[in-house]
Protein chains: 2
Amino acid sequence: MFALPEKESRAPSTCPGPASTQDLDSNCGDGLERECSRKPDQKLPELYGVGDPTAGFSSNSSHLSSRGGIIKWFWDSAEAGYRTYHMDEASLTWAPVRTNSALTCCPRGLREEVARFLSFYCKSPVPLQAENVVVLNGCASVFSALATVLCEVGEAFLIPAPYYGAITQHVCLYGNVRLVSVYLDSEVTGPDTRPFQLTVEKLEMALQGANSQGIKVKGLILINPQNPLGDIYSPAELQNFLEFAKRHELHVMVDEVYMLSVFEESVGYRSVLSLERLPDPQRTHVMWATSKDFGMSGLRFGTLYTENRDVATAVASLCRYHGLSGLVQHQMAQLLRDRDWINQVYLPENHARLKAAHTYVAGELRALGIPFLSRGAGFFIWADLRKYLPEGSFEEERRLWRRFLDHKVLVSFGKAFECKEPGWFRLVFSDKAHRLCLGMQRVRQVLEGKSQVAEDPPACQTQEPRDRHR
Amino acid sequence: MFALPEKESRAPSTCPGPASTQDLDSNCGDGLERECSRKPDQKLPELYGVGDPTAGFSSNSSHLSSRGGIIKWFWDSAEAGYRTYHMDEASLTWAPVRTNSALTCCPRGLREEVARFLSFYCKSPVPLQAENVVVLNGCASVFSALATVLCEVGEAFLIPAPYYGAITQHVCLYGNVRLVSVYLDSEVTGPDTRPFQLTVEKLEMALQGANSQGIKVKGLILINPQNPLGDIYSPAELQNFLEFAKRHELHVMVDEVYMLSVFEESVGYRSVLSLERLPDPQRTHVMWATSKDFGMSGLRFGTLYTENRDVATAVASLCRYHGLSGLVQHQMAQLLRDRDWINQVYLPENHARLKAAHTYVAGELRALGIPFLSRGAGFFIWADLRKYLPEGSFEEERRLWRRFLDHKVLVSFGKAFECKEPGWFRLVFSDKAHRLCLGMQRVRQVLEGKSQVAEDPPACQTQEPRDRHR
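As the structure is a computational prediction, the values presented were derived from the model and not from experiment.

**Student:** I'd like to hear about the overall build of chain A, residue by residue, with values.
**Tutor:** Of regular secondary structure, chain A possesses 14 helices and 11 strands. The buried share of chain A, taken over its 470 residues, is 66%. Considering only contacts within chain A whose residues lie at least 6 apart along the sequence, 74% involve residues at least 24 apart. In the structure as shown, chain A presents an accessible area of about 16300 Å², 50% of it carried by carbon and sulfur atoms.

Below is the structure:
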């Protein structure tokens, strides 16, 4: 026999009946009942049975939004019985087990595997901790959960633009959080600058602009390597951006989903987790997934690393809605620990293929006289097609995109990335060689103004540029 | 060469840059870029780059909330390029393929398999249609998505209480939707009534009560077979509840997650999808999952069946956040089509085990003189322990629960199900025989007031009540 852990549980004052819960055999299966651990003196809502769990509740963590506090509270309240059950593993506790126990959410073993994996590939100065890892079904879910637990409805994140446009939906559809663009210019302003360069000055300006319009900014999103620029931030730049965020008490969400897709070693990519010291570790949250680096977006596997225990708990509390199958957990743990195969087989081959494909598309663009950006990371080239837009309008940009599509080439136009200059397009090159060849022929046909799709020359069916690297 | 589908796309008036999107190689992988299909004359937000996609947008579907309309709009806008790409399957369209194409979200084949499965097991009068099926990672996600796309923030669903308490979180944590309890009584009021019986009168009263407090009720949740009662609704009752909902233009969400766990055939369970005619098919939404009926809650597989195309599309639009792995999709399709094994091996064995376990626990409760409810469905018995609460308070209920836990038995108390009468407990019996035996011994110890945990008699380690059925 053992005593229950003594724990203060601070309930939302108007939380409905089953507000506080307790898991029986897993932390997140939806087949699992939870129990009310609300203290008897806690108030019920005025209309008994009509609960509004969000009313009158303020978070007890300065890092969480009020709804984040509620989400975490549900979880914390659930802990007592759960821990009691699991503390007793030596003996037999009778509890309903209706689930394959191998298939529970976010088991410790997988989080340890992720921590070891990230420690190694992010080159962290000290080993990363499993308890700082949250595993969900992809980074879309991590964005959705972070927006919800960090922000009130209508609050905002800064994000340098152009940026991967789906993030707008990730933070908005459930979280009702908006993005404030930090617009970057293609123009190079000095000898040490590059096109679309992010600077602290631009961050400061965008933040002031939002503030002046009464928009509450709660965080900054950084994508590194950047999508769609293929750009990477130097350690000094990263440090500056993190210091900026700390000055303004902003959370920083660093999306490193292309971390292992840096195919030019010379660019010197560094994960934010490799920094000797994070200026504000409690507000620094790092995402990674297998969707890009292992080409498995359909597998649905994304991770969050944060030292902020409240944030980790609140995000994990949403794992019922973003849970990944035990099958996937098992397979991913196996994959992540196969360091020999990853280092000696997968990554060298993947980088060689990316480099060959990049070389081919870059060469074709040069032959067409098209300027482009690309620094040796990611799956795309950011191409400047402004010379094909006589008026330089987004309408023309869209028409050009339609012409590509009519010629059976699907590319992405800059407006989809909130680029402020019409005429930029993102071309993905991570494809089979003969398809790249065919695609580039069609791109050429469109840009050279041919209205008919020409017969595809047979060369594309056999010529495999990347075979050089095999 | 082919023309793009002509399609009107009605955009939120203040939608930010990358609001409208278009998928490249899947409907929901987060590695997939989407394109802006906003018409050039659509307005940008006043502060360029600071978008609030929810401002000034009203749904163009009477069945969707304003946010549901936005969610669906994102999806619809994405369709043109996606369809163009896939319409061209006969020839080769060049588009970036960075994903294992077998691992895309909600493929048609799986939805067809689900439709066939549900047609058969729900005994639908006509075959169910694949396009009405949405597959997500569990019914928790289906509840979360439905609450969000059907309700504005603060609106409510009716739900007969006691009910599976986690639904409170499912509709609230992301959707900010509340539950209005339709309180049921244990008291039997007439010869043809049963304890905790739901009636149309009770539904009407609860709805009026909510209306009088200014709470907007948008739907009704029915759990059938019911959790925690183990009760089922007759076809006539179902029809009455659906007619009630139709009169008040309420959506009905029917949670049939224990559909195949009816272990007493005599109770005559009928799925709502077996009804000859649904009073309001556009507002009737049916959920099923493998978590209970196949004991696989860790696999994360839940389905929604609805004839309402707007609702199906809006829920599917959230599948980036509730997506299940392609691995699971593949395995589930295989399982669902193995009708011989399910019918001849799995279900008979599962029902026999449930029945044996139920018989055992029911017998033990009778021996203890404890009244209980159970109609031959589900995994639990709803037991009346009111005689052990001298004052009949929820505080006592909770103390009794703690005593069970101190004796290493984890059961669920009625307050967690929003039961209005203190003293009811839910006992799950879907467990191994020797653990049930041990558990019931501990229950007896607690109820007979023994303060020490007795030695577990060796009988429990060997005696397997359900072996009789093998």
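Okay, back to it.
**Student:** Tell me what's going on with the domain arrangement of chain A, and back it up with residues and numbers.
**Tutor:** Residues and elements named next belong to chain A. As far as domains go, chain A holds domain 1 (1-101), domain 2 (105-337) and domain 3 (341-469). Domain 1 puts 17 residues into the contact, and the matching count from domain 2 is 24 residues. Across the domain 1/domain 2 interface, buried area totals approximately 1600 Å², and carbon plus sulfur atoms make up 56% of it. Across the domain 1-domain 2 interface, the total number found is 1 salt bridge.

**Student:** Give me the pattern of salt bridges: which residues, what numbers.
**Tutor:** Residue and element names in this part refer to chain B. Taken as a whole and assessed by the stated rule, the structure comprises 44 salt bridges over all chains. Measuring nitrogen to oxygen at the nearest pair gives 2.8 Å for the salt bridge that ties K420 to D185. In this pair, K420 is assigned in the loop between β10 (412-413) and β11 (424-428) and D185 in the loop between β3 (178-183) and α5 (200-212), connecting sequence segments 235 residues apart.

**Student:** Describe helix α11 (residues 339-367) of chain B, with residues and values.
**Tutor:** Over its 29 residues, α11(B) runs 40 Å from end to end, which matches the ideal 42 Å to within 8%, given 1.5 Å per residue. Within two residues after α11(B), G369(B) carries a phi angle of roughly 70 degrees, on the positive side.

**Student:** Outline the UniProt feature "domain: Aminotransferase class I/classII large" (unreviewed entry) in chain A, listing residues and values.
**Tutor:** Those places that UniProt annotates as "domain: Aminotransferase class I/classII large" (unreviewed entry) correspond, in this numbering, to residues 110-429 of chain A. Taken end to end, residues 110-429 of chain A has its terminal C-alpha atoms 32 Å apart, with 40% of it in helix and 17% in strand.

**Student:** An account of the nonpolar core is requested, with residue identities and associated values reported.
**Tutor:** Residues L158(A) and L158(B) are the most contacted members of the largest nonpolar core, which totals 297 residues. Dropping the residues within four chain positions of it, L158(A) is found in contact with V180(A), V182(A), L203(A), A206(A), L207(A), V217(A), G219(A), L220(A), I221(A), F244(A) and L250(A).

**Student:** Provide a residue-level description of the sheet that holds strand β1 (residues 133-136) of chain A, including the pertinent values.
**Tutor:** Residue and element names in this part refer to chain A. Spatially, the 7 strands line up as an open sheet ordered β1-β7-β6-β5-β4-β2-β3, and their pairing is mixed. Two strands lie at the open edges of the sheet, namely β1 and β3 (178-183), each paired on one side alone. The average angle at which neighbouring strand axes cross in this sheet is 25 degrees, direction not considered. Here 4 bridges tie strand β5 (residues 251-255) to strand β6 (residues 284-289), and the two strands are oriented parallel to one another. Residue pairing in the sheet places M253 in a bridge with H285 of β6. Sheet strands touched by helix α2 (residues 108-121): β1, β6 and β7 (302-306). Its angle to β1, the strand with the most contacts, is close to 110 degrees. Docked against the sheet, helix α8 (residues 309-317) engages β1, β6 and β7, running at close to 20 degrees with respect to β1.

**Student:** Outline the packing of α2(A) against helix α11 (residues 339-367) of chain A, listing residues and values.
**Tutor:** Residue and element names in this part refer to chain A. In contact at an axis separation of 12 Å, α2 and α11 are set at 45 degrees when each is read in the N-to-C sense. Considered as vectors, α2 and α11 are oriented oblique to each other. Considering the relative orientation of α2 and α11, their crossing is right-handed. The residues of α11 that touch α2, namely those facing R116, F117, F120 and Y121, are R339, I342, N343 and L347. Considered class by class, the residues forming the contact of α2 with α11 number 5 nonpolar, 1 polar and 2 charged.

**Student:** Describe the side chain of R300(A), and please don't skip the residues or the numbers.
**Tutor:** Residue and element names in this part refer to chain A. Within the secondary structure, R300 sits in the loop between α7 (290-293) and β7. Classification of R300 by relative accessible area gives buried; the value is 4%. There is a polar contact of 3.3 Å between the side chain of R300 and the backbone oxygen of N137. Reaching out from R300, the side chain makes a polar contact with the backbone oxygen of S297 at a distance of 2.6 Å.

**Student:** Describe in detail the pairing of strand β4 (residues 217-223) of chain B, supporting the description with residues and values.
**Tutor:** All names here are of chain B. Where burial is concerned, most of β4 is hidden: 7 out of the 7 residues are buried. Direction of pairing for strand β2 (residues 156-161) relative to β4: parallel, over a ladder of 3 bridges. Note on β4: the bridge partner recorded for L158 is L220. Where β4 meets strand β5 (residues 251-255), 5 bridges bridge the pair, whose relative direction is parallel. Each bridged residue has a counterpart across the sheet, and for L222 the counterpart in β5 is V254. Note that the unit made of β4, helix α6 (residues 235-247) and β5 has a crossover that is right-handed.

**Student:** Which residues make up the sheet that holds strand β1 (residues 133-136) of chain B, and what are the values?
**Tutor:** Residues and elements named next belong to chain B. With respect to topology, 7 strands assemble into an open sheet ordered β1-β7-β6-β5-β4-β2-β3, the strand pairing being mixed. Edge strands, defined here as strands with exactly one partner in the open sheet, are β1 and β3. With strand direction ignored, the average angle separating the axes of adjacent strands in the sheet is 25 degrees. Sheet analysis places β1 next to strand β7 (residues 302-306), joined by 4 bridges and oriented antiparallel.

**Student:** Residues and numbers for the packing of aromatic side chains, please.
**Tutor:** Counted according to the given criterion, the structure contains 39 aromatic pairs over all chains. Both rings, one in W73(A) and one in F74(A), keep their centres 5.7 Å apart while their planes meet at 75 degrees; by these two values the pair is edge-to-face. No difference in accessibility class separates W73(A) from F74(A), as the two residues are buried. Measuring from ring centre to ring centre gives 4.7 Å for F120(A) and Y121(A), while their planes differ by 85 degrees; the resulting arrangement is edge-to-face. Its relative accessible area of 42% is what places F120(A) among the partly exposed residues. Overall, the relative accessible area of 11% leaves Y121(A) in the buried class. Among the aromatic side chains, those forming a connected cluster through ring pairs are F117(A), F120(A), Y121(A), W288(A), F294(A), W341(A) and Y346(A). The cationic tip of K292(B) hangs over the ring face of Y164(B); the distance from NZ or CZ to the ring centre is 5.7 Å. Positioned above the aromatic ring of F394(B), the side-chain terminus of K415(B) is 4.8 Å from the ring centre.

**Student:** For the environment of S66(B), give the residues involved together with the corresponding values.
**Tutor:** All names here are of chain B. Inspection of the secondary structure assignment puts S66 in helix α1 (residues 66-87). In this structure the C-alpha to C-alpha distance between S66 and C151, which are 85 residues apart in sequence, comes to 8.0 Å. Of the polar contacts made by the side chain of S66, one reaches the side chain of E152; its length is 2.7 Å.

**Student:** Which residues make up unusual backbone geometry, and what values do they have?
**Tutor:** Residue and element names in this part refer to chain A. The peptide bond linking A161 to P162 adopts the cis configuration, its omega dihedral lying at 10 degrees. Within the secondary structure, P162 is located in the loop between β2 (156-161) and α4 (166-172). One non-glycine residue, E249, lies in the positive phi region at around 55 degrees. For E249, the location among the structural elements is in the loop between α6 (235-247) and β5. Note on E249: relative accessible area 54%, which makes it exposed.

**Student:** How would you explain the packing of helix α10 (residues 326-337) of chain B against α11(B) if you had to name every residue and give the values?
**Tutor:** Residues and elements named next belong to chain B. Viewed as axis vectors pointing N to C, α10 and α11 meet at an angle of 60 degrees, and their least axial separation amounts to 5 Å. Of the possible angle classes, the one that applies to α10 and α11 is oblique. Facing α10, whose interface residues are L335, L336 and R337, α11 presents R339, W341 and I342. Partitioning the contact of α10 with α11 into residue classes produces 4 nonpolar, no polar and 2 charged.

**Student:** Describe α5(B), and please don't skip the residues or the numbers.
**Tutor:** Residue and element names in this part refer to chain B. In a regular helix each residue adds 1.5 Å, so 13 residues correspond to 18 Å; α5 covers 18 Å between its end C-alpha atoms and thus fits that length. All of the buried residues along α5 are V200, L203, E204, A206, L207 and A210. Seen along its axis, α5 keeps its buried residues to an arc of 165 degrees; they face one direction. Turned more than 90 degrees from where α5 packs its buried face, E201, M205, Q208 and S212 sit exposed. Of the surrounding elements, those touching the buried residues of α5 are β2, β3, β4 and α6.

About the thresholds
Residues numbered from 1 in each chain as written. Chains lettered and ligands numbered in written order. Predicted model: local features only at pLDDT ≥ 70, side-chain atom pairs only at ≥ 80, totals over all residues. Heavy atoms only, no water. Helix = DSSP H or I, 4+ residues; strand = E, 2+ residues; numbered from the N terminus. Buried < 20%, exposed > 50% of the residue type's maximum accessible area, 1.4 Å probe, protein only. Contact = heavy atoms within 4.5 Å. Areas by Shrake-Rupley, 256 points an atom, 1.4 Å probe, with all protein chains shown as cover. Domains from an automatic or database assignment. Buried area = accessible area lost by both parts, 1.4 Å probe. Salt bridge = Lys/Arg side-chain N within 4 Å of Asp/Glu carboxyl O. Expected span 1.5 Å × (residues − 1). UniProt positions renumbered as here; feature names shortened; annotations may be inferred. Core = buried A, V, L, I, M, F, W, Y, C linked by side-chain atoms within 4.5 Å. Pairing = 2+ DSSP bridges. Axes fitted to C-alpha atoms, helices over the stretch in contact; angles between N-to-C directions. Parallel < 35°, antiparallel > 145°, perpendicular 65-115°, else oblique. Left-handed = near helix turned anticlockwise from the far one by under 90°. Nonpolar A, V, L, I, M, F, W, Y, C, P; charged D, E, K, R; others polar. Polar contact = N/O pair within 3.5 Å; in protein donor to acceptor, adjacent residues only side chain to side chain. Right-handed = clockwise from strand over helix to strand, strands pointing away. Phe/Tyr/Trp six-rings, centres within 6.5 Å; stacked < 30°, edge-to-face > 60°. Lys NZ or Arg CZ within 6 Å of the ring centre and 35° of its normal. Arc of directions from axis to C-beta.

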